[in-house]
2 protein chains.
Amino acid sequence: MTAEVTPEIDAFLRETRVGVIATVDGRGHPRTTPIWFLWDDGAAYLFTGRKTRKWRNLLANPRVSLCVDHRQPPYASVILDGAVEEVTASMGRSLYEDVRRMAVAYYGPVEGEAFAGRYRGDQPDVAHFRLVPERITHQQS
Amino acid sequence: MTAEVTPEIDAFLRETRVGVIATVDGRGHPRTTPIWFLWDDGAAYLFTGRKTRKWRNLLANPRVSLCVDHRQPPYASVILDGAVEEVTASMGRSLYEDVRRMAVAYYGPVEGEAFAGRYRGDQPDVAHFRLVPERITHQQS
């Protein structure tokens, strides 16, 4: 099952770079952390260190909820729920390109390019993964 | 166990009104939603409708993770993990007063007071609850 992405939701997600991701840890407790994401063609692309708690939790339980919200009135949020999967070669994505797009949008071109440079080439310590949402919840106040 | 609240964390939480709360639903999946909170004397005070999915999830599993972050550089976040409990009469809190403080801080005095007015008196359909965090994670970039 893939949730429907309306043009309004697509635009909201493409213009936003930071969300809050929730995972479930080994004790069944929810854990949250802010995370960059890149919304592209119906999926949220993300990355994290392979040694982080977040990645350990995801290896054991790939279910996530990613909350993307605009904090100032008028309030709006899009919540993406589903299971994440690691990006594989057949998906035709580049970790460096995805990080570059996130970093440039967040920091601007100069600082963004400099940030992304460290993600060039093989990155055995970095997990590149994506969420194709099963459920999308859109709220507006 | 109660986590230590440094003056820096206390100030960060007191100046912020919106967080993202994660709960775990009946299937063990994480769920997120934006939520207002009021940080006061070591606890986050919150409210929601008793008929919401969030409250149903919390009645079955009171564990939450509340992520409070500032989105613009320099990036900073405080994550509060623990179990929520319903506010009882012995705690000396007023739902109306707590909502009023959140709404005035969010909307400003005129619109905030107007918003809060609907929470005066008995509110059988509203759950007023709090999180005394067991774990506090503070990140700065």
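Just so you know, the residues in each chain are numbered from 1, in the order the chain's sequence is written. Here every chain gets a letter starting at A, and every ligand a number starting at 1, in the order they are written. Local features in this predicted model are restricted to residues of pLDDT 70 or higher, and side-chain atom pairs are both shown and tallied only at a pLDDT of 80 or more, whereas totals for entire chains, interfaces and linings draw on every residue. Side-chain descriptors were evaluated using all non-hydrogen atoms of the structure, hydrogens and water having been removed beforehand.

Colleague: Looking at this structure, I do not really get the relation of the copies chain B and chain A. What am I missing?
Modeller: Here two copies of a chain appear, and what relates them is a rotation about an axis with a shift along it. Rotating chain B by 180 degrees about the axis while translating it 0.0 Å along that axis superimposes it on chain A, leaving an RMSD of 0.0 Å. Both chain copies can therefore be described as sitting about a two-fold axis. Superposition of the copies was done by least squares, using only C-alpha atoms of residues whose pLDDT is at least 70 in both.

Colleague: Before we go on, may I ask you to explain the interface of chain B and chain A in this structure?
Modeller: In many reports, interface size means the accessible area that the parts give up when they come together. In what follows, residue pairs with any heavy atoms lying within 4.5 Å of each other are defined as contacts. Counting residues at the interface gives 31 residues for chain B, matched by 31 residues for chain A. In total, chain B and chain A occlude about 2,600 Å² of area from one another, counting both sides; carbon and sulfur atoms represent 55% of this. Buried area is calculated as the accessible area (1.4 Å probe) missing from two parts once they are joined, with the contributions of both summed. Its largest share of buried area at the contact with chain A, chain B owes to P30, T32 and R71 of chain B, together 24% of the area lost on that side. Any carboxyl oxygen of Asp or Glu that lies within 4 Å of a side-chain nitrogen of Lys or Arg is treated as forming a salt bridge with it. Linking chain B with chain A are two salt bridges, by the criterion used here. Between D81 of chain B and R31 of chain A there is a salt bridge; the shortest N-O distance is 3.4 Å. Counted as a polar contact is a pair of N or O atoms within 3.5 Å, where, for protein atoms, one must be capable of donating a hydrogen and the other of accepting one, and residues adjacent in sequence contribute only when both atoms are in side chains. Counting the contacts that link chain B with chain A gives four residue pairs in polar contact (both at pLDDT 80 or more). Here a helix means four or more residues in a row that DSSP labels H or I, a strand means two or more in a row labelled E, and each is numbered from the N terminus. Mapped onto the side of chain B that touches chain A, the elements with two or more residues apiece are β1 (18–24), β2 (30–36), β5 (63–70), β6 (76–86), α3 (95–107) and β8 (135–140) of chain B. By residue number, the principal contributor to the side of chain B that touches chain A is β5 of chain B, which donates six residues.

Colleague: Is there a simple way to think about the packing of helix α3 (residues 95–107) of chain A against helix α4 (residues 109–117) of chain A in this case?
Modeller: How two helices pack is summed up by the angle between their axes together with the distance between the axes. Residue and element names in this part refer to chain A. Simply put, an axis is a line fit to the C-alpha atoms, just over the touching stretch for a helix, and the angle between two N-to-C directions goes from 0 to 180 degrees. The contact between α3 and α4 brings their axes to 7 Å, and the two run at 150 degrees. On the basis of the axis angle, α3 is roughly antiparallel to α4. Between α3 and α4 lies a crossing of right-handed hand. Seen from α3, the contacting residues are Y96, V99, R100, A103, V104 and Y107; seen from α4, they are P109, E111, G112, E113, F115, A116 and G117. For this classification, the nonpolar set comprises Ala, Val, Leu, Ile, Met, Phe, Trp, Tyr, Cys and Pro, the charged set comprises Asp, Glu, Lys and Arg, and every other residue, Gly included, is treated as polar. Across the contact of α3 with α4, the residue classes break down as eight nonpolar, two polar and three charged. Here the word oblique covers every angle except those under 35 degrees (roughly parallel), over 145 (roughly antiparallel) and from 65 to 115 (roughly perpendicular). It is the rotation of the near helix from the far one that decides the hand of a crossing: anticlockwise by less than a right angle makes it left-handed, clockwise makes it right-handed.

Colleague: Got a minute to help me understand the pattern of salt bridges in this structure?
Modeller: Any two side chains of opposite charge can pair if their charged atoms end up close together. Residues and elements named next belong to chain A. Evaluation of the coordinates by the stated rule reveals 24 salt bridges over all chains. Measuring nitrogen to oxygen at the nearest pair gives 3.4 Å for the salt bridge that ties R63 to E134. On the criterion of sequence distance, the pair formed by R63 in strand β5 (residues 63–70) and E134 in the loop between β7 (126–131) and β8 (135–140) is long-range, its members being 71 residues apart. Type-normalised accessible area, obtained with a 1.4 Å probe on protein chains alone, sets the label of each residue: buried when under 20%, exposed when over 50%, and partly exposed for intermediate values. Taking the relative accessible area as the measure of exposure, R63 reaches 15% and is therefore buried.

Colleague: Could you clarify how one ought to interpret the pairing of β6 of chain B in this entry?
Modeller: When a strand is regular, its side chains alternate between the sheet's two faces. Residues and elements named next belong to chain B. Burial within β6 is extensive, with eight of its 11 residues counted as buried. Two strands qualify as a pair provided DSSP detects at least 2 bridges between them. Summarising the sheet, β6 and β8 pair through six bridges and their orientation is antiparallel. In the strand pairing of β8, L80 is matched with I136. Bridging between β6 and strand β7 (residues 126–131) involves three bridges; their strand directions are antiparallel. Note on β7: the bridge partner recorded for E85 is R130.

Colleague: It is not clear to me how the environment of S65 of chain A should be interpreted in this structure. Could you clarify?
Modeller: Summarising the element assignment, S65 of chain A is placed in strand β5. Taking the C-alpha atoms as reference points, S65 of chain A and A127 of chain A, 62 residues apart in sequence, are found 18 Å from one another. In this view, S65 of chain A contacts V20, I21, A22, I79, L80 and D81 of chain A together with P30, R31 and T32 of chain B; residues no more than four positions away in its chain are not counted. In terms of polar contacts, S65 of chain A uses its side chain to reach the side chain of D81 of chain A, at 2.6 Å.

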